[in-house]
Amino acid sequence: MIHGIDTPTASQASYCINPRCVQRLNSTEAQHCECCGTPLLVADRYRLLQPLRHLSSAYLTEVFEVEDTQANDRKVLKSLTRSDRKLVELFQREADVLQRLNHPGIPKVDAIGCFHVKPCQWQEPLHCLVMERIDGEDLQQWMMHHPPIA
């Protein structure tokens, strides 16, 4: 239960972008996280629908499937959870490279696809990168269906 209401299922949920939030799953009707108060519409545009990997402090980034409410489309949002100067520099370099490349197997990032937000109870800005969502198998799925190359 979240503040007296049933916990939403993943199909009717919005996730809080704040990595320090202890209850990140919210109902889609909520405008702000019911636990920490962080706005659920990131950059006034993106609603986090589901994590694309287990949320863990062991990772330097978190990856979510998001709804782009302005383009009415699904995309992928990657956020850098640490603000180390070198990590931010590498993260921004990744965004620059993805914006310049044009290949069907590489996700497209538009000019406004790299930005930062400041969640509640967070000291440093959280750097974000929104990119095209490409349907298909990930490497782990592919390896399960294909024998090793000898």
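Here is what the cut-offs are and how they apply
Residues numbered from 1 in each chain as written. Predicted model: local features only at pLDDT ≥ 70, side-chain atom pairs only at ≥ 80, totals over all residues. Heavy atoms only, no water. Helix = DSSP H or I, 4+ residues; strand = E, 2+ residues; numbered from the N terminus. Polar contact = N/O pair within 3.5 Å; in protein donor to acceptor, adjacent residues only side chain to side chain. Contact = heavy atoms within 4.5 Å. Salt bridge = Lys/Arg side-chain N within 4 Å of Asp/Glu carboxyl O. Buried < 20%, exposed > 50% of the residue type's maximum accessible area, 1.4 Å probe, protein only. Disulfide = S-S within 2.5 Å. Pairing = 2+ DSSP bridges. Axes fitted to C-alpha atoms, helices over the stretch in contact; angles between N-to-C directions.

Draft legend 1. Spatial organisation of the side chain of Glu62. Within the element layout of this structure, Glu62 appears in strand β5 (residues 61-68). Reaching out from Glu62, the side chain makes a polar contact with the side chain of Arg24 at a distance of 2.7 Å. When sequence neighbours within four positions are dropped, the list of residues in contact with Glu62 reads Ile17, Pro19, Arg24, Arg53, Leu55, Leu77, Lys78, Ser79 and Thr81.

Draft legend 2. A look at the pattern of salt bridges. Counted by the stated rule, this structure contains 10 salt bridges. Note that Glu65 and Arg133 form a salt bridge whose closest N and O atoms lie 3.5 Å from each other. Linking Glu65 in strand β5 with Arg133 in the loop between β8 (126-132) and α2 (139-145), this pair joins segments that are 68 residues apart in sequence. Overall, Glu65 belongs to the buried group, its relative accessible area being 5%. When its relative accessible area of 36% is taken as the criterion, Arg133 is described as partly exposed. Linking Glu89 and Lys86 is a salt bridge whose minimum nitrogen-to-oxygen distance equals 3.5 Å. Here Glu89 and its partner Lys86 are both found in helix α1 (residues 85-100), 3 residues apart, which amounts to about one turn of the helix. Look at Glu89 and you get partly exposed, because its relative accessible area is 30%.

Draft legend 3. Representation of the side chain of Ser79. Within the secondary structure, Ser79 is located in strand β6 (residues 73-80). Note on Ser79: relative accessible area 0%, which makes it buried. With residues near it in sequence (within four places) discarded, Ser79 still touches Leu60, Thr61, Glu62, Phe91, Leu126, His127 and Cys128.

Draft legend 4. Representation of the state of the cysteines. By the definition in use, this model includes 0 disulfides. Lacking any disulfide linkage, Cys35 is separated from the closest cysteine sulfur, that of Cys21, by 4.0 Å. In this structure Cys128 is a free cysteine whose sulfur lies 8.4 Å from that of Cys114, the closest cysteine sulfur available.

Draft legend 5. Local environment of the sheet that holds β5. Taken together, 6 strands build an open sheet; the order of strands is β3-β4-β5-β6-β8-β7 and the sheet is antiparallel. The sheet terminates laterally at β3 (41-42) and β7 (114-117), the two strands that pair on one side only. Where β5 lies against β6, 8 bridges are found, and the strand directions are antiparallel. The residue of β6 that forms the bridge with Asp68 is Asp73. Lying over the sheet, α1 contacts β5, β6, β7 and β8, oriented at roughly 20° with respect to β8.

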